[in-house]
Amino acid sequence: MRLLPLALGITFLSTAAMADDRSEKFLTCLAGIKQAATAAGISPSITELALKDVKEPAERVLKLSEVQPETKFHIWDYMGFLVDDQRIEDGTAMMAQHDATLRAVEQRYGVNRHVVAAVWGVETDYGRTTGRNFLPHALTTMVCKNDHRTEFWRKQLIAALQLVERGDLQLEKLYGSWAGAFGQTQFIPTTYEHFAVDFDGDGKRDLVDSVPDALGSTANYLVGNGWRPGESWLIEVKLPDNYTDPTGRKNKASLATWRDRGITRWDGSALKGQGQAGLLLPAGKEGPAFLTFKNFDAIWTYNRAESYALAISHLADRLAGYPAFRTAWPTDDPGLSRAERLELQKRLIAAGYDIGEADGKIGSRSQAAIRAHEEKLGWDPTGRAGRKIFDALGE
Ligand code: CA
């Protein structure tokens, strides 16, 4: 009987001790970061200024870093909000506004200007949403979290401070995602260090406030990651019945080989052109089929996801005036645009669900409301923002 209270006492003490210990560890880690920055050639005054308000880990960053990446999503949902009418309209307007810059970028790097604009559109909605985490704090939090990527985070932090040391950027411009991606096309600091260019010629590489620098740097990045001037990135195709030959982005073959395998353009006409391509079936054989080229792979490196590269590639085609995919996604419940997601939230609120303010982002409260309404309708509760629930709430 005496053991139990004693054990509890120890637990209580150690919880308090753990908090102290955590804070002490953070301060020790912070001191180590300052030393590492100095060793990397960064002026102590810059490091001090960058870290002067960093007293503890950024809770928001810790929380976001714990969110498991969404591994299972419907490709038609992802494409639905990344390549929606609004993003095509906005992109067309932004391309007109920055036409001279985009053409100059295309001329210098050989990267199609619609692809450069599409990266800009998907990454930050053409510069509108660049992230609000102060990089020195966010990256210090990640370094001191002491997970298996500590060295990666430390490199990002030092690279961010080096941009200030060199005079490319001022400290107050270092705001971005929790993971350190920032600026108009969301480079992480080491990518910035390697690929950023001063396209407007003012002597600074400013991917935060200079659109020419950001667009030139994006093209330079793509060139550095395998872009081939003049080649395609994506072609929608049609499979023959009972197709059993290879699939996959990496299983590349010449267009002649794909012709021999019975693949045609979506309208049945013969494949033409140059380059090695793989066959991508993002939703299986029943959905749209694509030949993807090495330029698609260059886009892929930006975020290392085929769905991402598909969104950029397709947005680029839409911005160039080509139509939507001819083959429908194999579903009777397609995805929604951002405008429709916002409207769905308004419909949920009108139906009496408390989801806070409608902001177009389908978070846990919106999902819970969708689930509740699905149950009310006698459907399986999925929490997914799709066409069916959108229509049901509009009736
Ligand atoms: Ca510049």
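My aim in this report is to walk through the structure given alongside it, one point at a time. The structure displayed is predicted, hence computed values, not measured ones. (Residues numbered from 1 in each chain as written. Predicted model: local features only at pLDDT ≥ 70, side-chain atom pairs only at ≥ 80, totals over all residues. Heavy atoms only, no water.)

### A short note on the overall build of the chain
Next, step 1: On a plain count of helices and strands, the chain comes out with 17 helices and seven strands.
Next, step 2: Projected onto its principal axes, the C-alpha positions of the chain cover 80 × 60 × 40 Å.
Next, step 3: Of all 395 residues assigned to the chain, the portion counted as buried reaches 47%.
Next, step 4: For the chain, the proportion of contacts with a sequence separation of at least 24, taken over those separated by at least 6, is 66%.
Next, step 5: Here the chain has roughly 20,200 Å² of accessible surface; of this, 51% comes from carbon and sulfur atoms.
Next, step 6: In the chain, 48 side chains carry a positive charge and 52 a negative one; their mean positions are 3 Å apart. (Helix = DSSP H or I, 4+ residues; strand = E, 2+ residues; numbered from the N terminus. Buried < 20%, exposed > 50% of the residue type's maximum accessible area, 1.4 Å probe, protein only. Contact = heavy atoms within 4.5 Å. Areas by Shrake-Rupley, 256 points an atom, 1.4 Å probe, with all protein chains shown as cover. Lys, Arg positive; Asp, Glu negative; His and termini not counted. Charge placed at Lys NZ, Arg CZ, Asp CG, Glu CD.)

### Notes on the coordination of the calcium ion
Next, step 1: On the protein side, the calcium ion has Asp198 (OD), Asp200 (OD), Asp202 (OD), Lys204 (O), Asp213 (OD) and Asp213 (OD) as donor atoms, found 2.2 to 2.9 Å from it.
Next, step 2: Geometry at the calcium ion is irregular, judged from the six donor atoms that bind it and their angles of 48 to 160° at the metal.
Next, step 3: Here the donor residues of the calcium ion share one chain and are spaced in sequence as D-x1-D-x1-D-x1-K-x8-D.
Next, step 4: The class of Asp202 is partly exposed, set by a relative accessible area of 49%. (Donors = N, O, S within 2.8 Å, 3.2 Å for Na, K, Ca; no water. Tetrahedral: all angles 85-135°; square planar, octahedral: opposite > 155°, others 65-115°.)

### Topic: a positive patch on the surface
Next, step 1: A surface patch of like charges, here positive, comprises Arg60, Lys63, Arg132 and Lys361.
Next, step 2: Among the structural elements, Lys361 can be located in the loop between helix H15 (338-350) and helix H16 (364-376).
Next, step 3: Under the relative-accessibility criterion, Lys361 is labelled exposed at 62%. (Patch = residues over 30% accessible without salt bridge, like charges linked within 9 Å, V, L, I, M, F, W, Y side chains within 5 Å. Salt bridge = Lys/Arg side-chain N within 4 Å of Asp/Glu carboxyl O.)

### Looking at the side chain of Thr47
Next, step 1: If you trace the backbone, Thr47 turns up in helix H2 (residues 44-51).
Next, step 2: With a relative accessible area of 2%, Thr47 lands in the buried category.

### Concerning the environment of Ala58
Next, step 1: Structurally, the position occupied by Ala58 is in the loop between H2 and helix H3 (59-66).
Next, step 2: Considered as a pair, Ala58 and Asp260 are 202 residues apart in the sequence and their alpha carbons are 57 Å apart.
Next, step 3: With sequence-adjacent residues up to four places away left out, Ala58 is seen in contact with His137 and Thr141.

### Details of the state of the cysteines
Next, step 1: Inspection of every chain in the model, using the stated rule, returns one disulfide.
Next, step 2: Residue pairing for Cys29: its cysteine sulfur links by disulfide to Cys144, the two sulfurs lying 2.0 Å apart. Sign of the S-S torsion, about -85° for the bond between Cys29 and Cys144, identifies this disulfide as left-handed. One end of the pair, Cys29, is in helix H1 (residues 3-39); the other, Cys144, is in helix H8 (residues 135-145), with 115 residues separating them in the sequence.
Next, step 3: Since its relative accessible area comes to 18%, Cys29 is described here as buried. (Disulfide = S-S within 2.5 Å.)

### Details of the pattern of salt bridges
Next, step 1: Using the criterion set out here, one finds 26 salt bridges in the structure.
Next, step 2: Put simply, Asp90 and Arg128 hold a salt bridge, and the shortest N to O gap is 3.2 Å. Of this pair, Asp90 sits in helix H5 (residues 85-97) while Arg128 is found in the loop between helix H7 (113-124) and strand E1 (133-134), placing the two residues 38 residues apart along the sequence.
Next, step 3: A relative accessible area of 15% means that Asp90 is categorised as buried.
Next, step 4: A salt bridge links Arg128 to Asp125, with the shortest nitrogen-to-oxygen separation between them at 3.3 Å.

### Remarks on the nonpolar core
Next, step 1: Ranked by size, the top nonpolar core spans 85 residues in total, and within it Met79 and Leu310 carry the most contacts.
Next, step 2: At eight residues, the largest contribution of residues to this core is made by helix H14 (residues 306-319).
Next, step 3: Setting aside its immediate chain neighbours within four residues, Leu310 contacts Ile75, Met79, Leu234, Pro282, Phe290, Phe296, Phe325 and Trp329.
Next, step 4: One finds Tyr243, Trp258, Ile263 and Leu271 within the second-largest nonpolar core, a separate group that totals 15 residues. (Core = buried A, V, L, I, M, F, W, Y, C linked by side-chain atoms within 4.5 Å.)

### Section: H16
Next, step 1: Counted at 1.5 Å a residue, the expected span for H16 with its 13 residues is 18 Å, and the 18 Å between its end C-alpha atoms agrees.
Next, step 2: Three or more residues of H16 are buried, namely Ser366, Ala369, Ile370, His373 and Glu374. What you see down the axis of H16 is that its buried residues fit within an arc of 140°, all on one side. Turned more than 90 degrees off the buried face of H16, the exposed positions are Ser364 and Glu375.
Next, step 3: Gly378 lies just past H16 and shows a positive phi near 80°. (Expected span 1.5 Å × (residues − 1). Arc of directions from axis to C-beta.)

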